[in-house]
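Chain and residue survey
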Amino acid sequence: MMKILSVNGHSYQASEKIVENTLSIVVGACKQRKSNMIYAIQKKNHVDMVQLKYDTKESMEIEVQKYRKDGFKVFRCSFGV
């Protein structure tokens, strides 16, 4: 299944495998930086790469719940700080 991958305001048609690999690379970088961050949101077949950083895990979780309420799947890294 093809998906739309949006990065820095540009949209690309990409296979599910490419999207999975992209998300994997980003989560690896996020873990190295040890930051609380939402790095992607998905609704249906559209994946938006975002870089939303938070000072605390709790503040990030509030935003995650807002996105989920609007029907998004949220990809995030959390380090409990």
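Please read all numbers here as calculations on a predicted model, not as lab measurements. (Residues numbered from 1 in each chain as written. Predicted model: local features only at pLDDT ≥ 70, side-chain atom pairs only at ≥ 80, totals over all residues. Heavy atoms only, no water.)

Moving on, we come to helix 2 (residues 57-69). The end-to-end C-alpha separation of helix 2 is 18 Å, in line with the 18 Å expected for 13 residues at 1.5 Å each. Following helix 2 by one or two positions, Gly-71 has its phi on the positive side, about 90°. (Helix = DSSP H or I, 4+ residues; strand = E, 2+ residues; numbered from the N terminus. Expected span 1.5 Å × (residues − 1).)

Moving on: the pattern of salt bridges. In the structure shown here, the tally under the stated rule is 2 salt bridges. Glu-63 serves as the salt-bridge partner of Lys-66, at 3.2 Å between the closest nitrogen and oxygen. In this pair, Lys-66 and Glu-63 are both assigned in helix 2, 3 residues apart and thus about one turn of the helix distant. Here Lys-66 falls in the partly exposed class, since its relative accessible area comes to 48%. (Salt bridge = Lys/Arg side-chain N within 4 Å of Asp/Glu carboxyl O. Buried < 20%, exposed > 50% of the residue type's maximum accessible area, 1.4 Å probe, protein only.)

Another aspect to go through is the packing of aromatic side chains. Tallied over the full model, the rule gives 2 aromatic pairs. Ring centres of Tyr-67 and Phe-72 lie 5.7 Å apart, and the angle between their planes is 90°; this geometry places the pair in the edge-to-face category. For Phe-72, a relative accessible area of 23% puts it in the partly exposed group. The side chain of Lys-43 reaches across the aromatic face of Phe-72, ending 4.9 Å from its centre. (Phe/Tyr/Trp six-rings, centres within 6.5 Å; stacked < 30°, edge-to-face > 60°. Lys NZ or Arg CZ within 6 Å of the ring centre and 35° of its normal.)

It is worth spelling out the confidence of the model for the chain at this point. Within the chain, residue pLDDT values average 92, and 98% of them lie at 70 or more. Per-element confidence in the chain ranges from a low mean pLDDT of 89 for helix 1 (residues 16-33) to a high of 96 for strand 2 (residues 10-15). (pLDDT = per-residue confidence, 0-100.)

On to the sheet that holds strand 5 (residues 73-77), then. Taken in spatial order, the 5 strands line up as 2-1-4-3-5 in an open sheet, and their pairing is mixed. Across the chains shown, the open sheet's two edge strands, defined by having one partner strand only, are strand 2 and strand 5. Put simply, the sheet's adjacent strands are angled 25° from each other on average, direction ignored. In the sheet, strand 1 (residues 2-7) pairs with strand 2 via 6 bridges, with the strands oriented antiparallel. Bridged to Lys-3 within strand 2 is Ala-14. Where helix 1 meets the sheet, it contacts strand 1, strand 2, strand 3 (36-43), strand 4 (46-54) and strand 5, and its direction lies at approximately 115° from that of strand 2. (Pairing = 2+ DSSP bridges. Axes fitted to C-alpha atoms, helices over the stretch in contact; angles between N-to-C directions. Contact = heavy atoms within 4.5 Å.)

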